[in-house]
Amino acid sequence: MKYPFYLLLFAVTIISCNNSAPASQEPSDSLEYTASAPGAIAEKERKELSARLGTFFDERLVGKGFNGSILVAKEGNILYEKYVGYRDLRLKDPLTDTTSFHLASTSKPFTGMATLWLVQQGKLSLDDSIQKFFPGLPYPGVTVKLLLNHRSGIPNYVYFMADKKLWDQKRFVTNPDVLAFIYREKPARSFKPDTRFSYSNTNYVLLAAIIEKVSGKPFPDYLKENLFGPLGMEHTYVYTLKDSATATHSFDAGGGFWKDDFLEGTYGDKNVYSTPRDMLKWDQALYTNKFIRQSLLDTAFMPYSNETRSIHNYGLGWRLLMLPNGKKIVYHFGRWHGFTPAFARLIDEKATIIILGNKFNRNIYNSAHKAYDIFGNYMQDEDDGEEAEKVQEKQSPVKKTPGDKLPAPPAKKTADKGTKPAAKKISSSKAAAKQK
C-alpha cells in the first residue's frame, strides 16, 4: 500500500519529536523565567517571626547609626522590611524601596551564576584554561573553576595596580586595563594553582572578561538581558563610569562623603547595584530549575578549600558557613567604601536576609549573622559578625583623609537613568600574597 509523501513526512516528524529529549532539559540561549508564588506559611508563624525580627533589628541595628534597607523573607514571603535614612546624607532625600545600593563583593554571585549559565548552555566549561580566552596570560594551570573558587593563585589587582610607579592613580582602572597591566607587568602569582584559597578580586574581573568574550556582549548588557531583565529586577544594573552622576553614593561612619577613587571602573568583582526587593527575586529564582539546574547549583554550593578545618569555606561564587550540626548558610557579604551589604540564604528554611547600607556600619554584618538564629539553630555568637567583616575584600588602598572638605551637594537630577613565563616582581606583590 502506498502512502502519500506528506503522510510519510508527518509520521517521521512525530517519531523524531517523540525520540527527542524534553525541551526543559535542553540548554537555552535566553532565560525564560516567571516568578513562583510565595510558599505557604502559617499566619501564626508569620506574625511571630515578624514580631521577633522587628524587635531584633530595632534593638541591634536601626537605632545605632544604620542608614540603609533591610528585608527578611521566608519562602518568598516578606516578614520584615524597613528603609532607614537617606540616599544622600547631604541632600536628606529619603531612601525608598527603589533605591539601588552598591553590592560590593555581593556582586560576585551574579558573575558566578552568569558563568554557570554559560556552562549550562555548553558555551563554556569549568575546566577551560584561561589561556583559551586570553593566550599569553602568565598564569598556566588556571581554569575557570579556579577563578570561581579563588584557588587560582592570581594576585589581587586592588594591590598590584596601587603601585603609583606603574599606574597613574588619576586614571580610572577598567577591566581591559587590568588585563593589559597583567600582560605588561606579569605580577607574580601568589601560589601554585589549586593548592589553597586566597580571595582575589582579579579572579572575577577575569570571569567578566571571559563572559564578554564568549557572549560577544559587554558584561553589563549581558547581565541585563540574560539575568536582571528576565528576573524582573528593574532596579538592578552593573555600574560603569557613565553612571557616576546618578548612582547612590556612600558615606563613612561619621557621615562624611566617601570620594570615588581610581578603582571605581571595574566590574565582575563588584559594581552591581540593586535593591532588597530585587535581591529577593534573585534569591527565589535560585530555588527553581528555570535558571540554573539543581545539579549545577549543587556544584556551586560545594566547599572547595579544605586544607584547613574550618566552618568557613567558598563555593563557586558563594561563601559558605558549614556548621557542626549540619546547617549550611549560602551567602556573600561585601564592602566597598561606605557600602556594607549582607545577603544570606538559609536553604533549610528558605529564609533570606538582605541588608544594604551606604553609611559604613560594621554592625550590619553582626546583625545579619545573629539573625540566622531566629530561623533555626545556626550557632551564632556575638563574635561571628566581626569575623564576617574581616573576610571581606580589602578596602581600596586609597585612604579617605579625615577632614577632607566635602564637595557641594549635587543638584537634584531628573531620574534617568607548559613553560611558565618570567614574572616581574612589582612592589605590591608581597601585599597581594598576604591578602585576607
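Cut-off values and rules
- Residues numbered from 1 in each chain as written.
- Predicted model: local features only at pLDDT ≥ 70, side-chain atom pairs only at ≥ 80, totals over all residues.
- Heavy atoms only, no water.
- Helix = DSSP H or I, 4+ residues; strand = E, 2+ residues; numbered from the N terminus.
- Buried < 20%, exposed > 50% of the residue type's maximum accessible area, 1.4 Å probe, protein only.
- Areas by Shrake-Rupley, 256 points an atom, 1.4 Å probe, with all protein chains shown as cover.
- 1 Å grid on protein atoms, 1.4 Å probe; cavity = no way out; pocket = protein on both sides within 12 Å on 5 of 7 lines; lining within 4 Å.
- Points joined across faces, edges and corners; volume = space filled by probe spheres on them.
- Nonpolar A, V, L, I, M, F, W, Y, C, P; charged D, E, K, R; others polar.
- Core = buried A, V, L, I, M, F, W, Y, C linked by side-chain atoms within 4.5 Å.
- Contact = heavy atoms within 4.5 Å.
- Pairing = 2+ DSSP bridges.
- Axes fitted to C-alpha atoms, helices over the stretch in contact; angles between N-to-C directions.
- pLDDT = per-residue confidence, 0-100.
- Parallel < 35°, antiparallel > 145°, perpendicular 65-115°, else oblique.
- Phe/Tyr/Trp six-rings, centres within 6.5 Å; stacked < 30°, edge-to-face > 60°.
- Lys NZ or Arg CZ within 6 Å of the ring centre and 35° of its normal.

1. Here we look at the overall build of the protein chain
Helix and strand counts for the protein chain come out as 13 helices and 12 strands. Looking at the 436 residues of the protein chain, the share that counts as buried comes to 53%. Summing over all exposed atoms, the protein chain offers an accessible surface of approximately 19,500 Å²; the carbon and sulfur share of this is 54%.

2. A short note on empty space enclosed by the protein
Estimated volume of the largest cavity: approximately 130 Å³. As for the largest cavity, its lining consists of 15 residues, of which Thr-248, Asp-260, Glu-264, Tyr-273 and Phe-339 are closest to the centre. Its residues assigned to classes, the lining of the largest cavity shows 6 nonpolar, 7 polar and 2 charged.

3. What about the nonpolar core?
The nonpolar side chains of soluble globular proteins are, as a tendency, buried together. One finds Phe-110, Met-113, Trp-282 and Trp-318 to be the most contacted residues of the largest nonpolar core, which totals 78 residues. Looking at which element gives the most residues to this core, the answer is helix H7 (residues 201-215), with 8 residues. Those residues in contact with Trp-318, other than ones at most four positions away along the chain, are Pro-109, Met-113, Trp-282, Leu-286, Ala-300, Phe-301, Val-330, Tyr-331, His-332, Phe-343 and Arg-345. One finds Phe-56, Phe-57, Phe-333 and Ala-351 within the second-largest nonpolar core, a separate group that totals 32 residues.

4. Some details on the pairing of strand S9 (residues 319-322)
In the sheet, strand S8 (residues 312-314) pairs with S9 via 3 bridges, with the strands oriented antiparallel. Bridging from a neighbouring strand, His-312 pairs with Leu-321 of S9. Hairpin remark: S8 followed by S9, antiparallel, with 4 residues in the connecting loop; positive phi at Gly-317, about 95 degrees. Pairing of S9 with strand S10 (residues 328-333) involves 4 bridges; the strand directions are antiparallel.

5. Topic: the sheet that holds strand S5 (residues 101-102)
An order of S5-S7-S6 is seen for the 3 strands of this open sheet, with the pairing classed as antiparallel. At either margin of the open sheet sits one strand with a lone partner, and together these are S5 and strand S6 (237-238). In terms of strand pairing, S6 meets strand S7 (residues 272-274) through 2 bridges, oriented antiparallel. Counterpart to Val-238 in the pairing with S7 is Val-272.

6. Considering the sheet that holds S10
In spatial order, the strands read S2-S1-S12-S11-S10-S9-S8; together these 7 strands make up an open sheet with antiparallel pairing. Lying at the two open borders of the sheet, with one neighbouring strand each, are strand S2 (77-84) and S8. Here the average twist between neighbouring strands, direction ignored, is 15 degrees. Sheet contacts for helix H9 (residues 276-285): strand S1 (68-74), S2, strand S11 (342-346) and strand S12 (351-357); angle to S12, the most-contacted strand, approximately 145 degrees.

7. Points about helix H2 (residues 43-62)
Three or more residues of H2 are buried, namely Leu-49, Leu-53, Gly-54, Phe-56, Phe-57, Arg-60, Leu-61 and Val-62. Packed against the buried residues of H2 are S1, S2, S12 and helix H11 (363-371).

8. Section: the confidence of the model for the protein chain
Overall, the predicted model of the protein chain reaches an average pLDDT of 85, with 79% of residues at or above 70. Note that pLDDT drops below 50 for residues 1-27; the model gives that stretch 4 contacts with residues more than four away or on any other chain. When the criterion is pLDDT under 50, residues 384-436 qualifies, and its contacts beyond four places in sequence or with other chains add up to 100 contacts.

9. Focus: the environment of Phe-251
Tracing the backbone shows Phe-251 in the loop between S6 and S7. Each C-alpha atom, one on Phe-251 and one on Leu-89, is 7.8 Å from the other, the two residues being 162 residues apart in sequence.

10. Considering helix H6 (residues 175-185)
Within the sequence span of H6, burial applies to Asn-175, Asp-177, Val-178, Leu-179, Phe-181, Ile-182 and Glu-185. Where H6 terminates, the next one or two residues include Lys-186, which has phi positive at roughly 50 degrees.

11. Some points on unusual backbone geometry
Negative phi values dominate among residues other than glycine, just as trans dominates among peptide bonds. With a phi angle near 65 degrees, Asp-194 is a residue other than glycine that sits in the positive phi range. As for its position among the elements, Asp-194 is in the loop between H6 and H7. In this structure, His-337 is a non-glycine residue whose phi angle is positive, near 55 degrees. Considering the arrangement of structural elements, one finds His-337 in the loop between S10 and S11.

12. Topic: the packing of H7 against helix H8 (residues 219-228)
Packing of H7 against H8 brings their axes to within 9 Å, and their N-to-C directions diverge by 70 degrees. Judged on the interaxial angle alone, H8 and H7 are roughly perpendicular. Contacts between H7 and H8 involve Ala-208, Ile-211, Glu-212 and Ser-215 from the former and Phe-219, Pro-220 and Tyr-222 from the latter. Taken together, the residues of the contact of H7 with H8 sort by class into 5 nonpolar, 1 polar and 1 charged.

13. Here's the deal with the packing of aromatic side chains
Tallied over the entire structure, the rule returns 20 aromatic pairs. Ring centres of Phe-333 and Tyr-365 lie 5.8 Å apart, and the angle between their planes is 20 degrees; this geometry places the pair in the stacked category. Here the residue Phe-333 occupies a position in strand S10, and Tyr-365 occupies one in helix H11, the gap between them amounting to 32 residues. There is no split in this pair, since Phe-333 and Tyr-365 are both buried. Note that Lys-270 overlies the ring of Trp-336, its terminal NZ or CZ placed 4.9 Å from the centroid. Here the guanidinium or amino end of Arg-335 rests over the ring plane of Phe-360, the centre of that ring lying 4.1 Å away.

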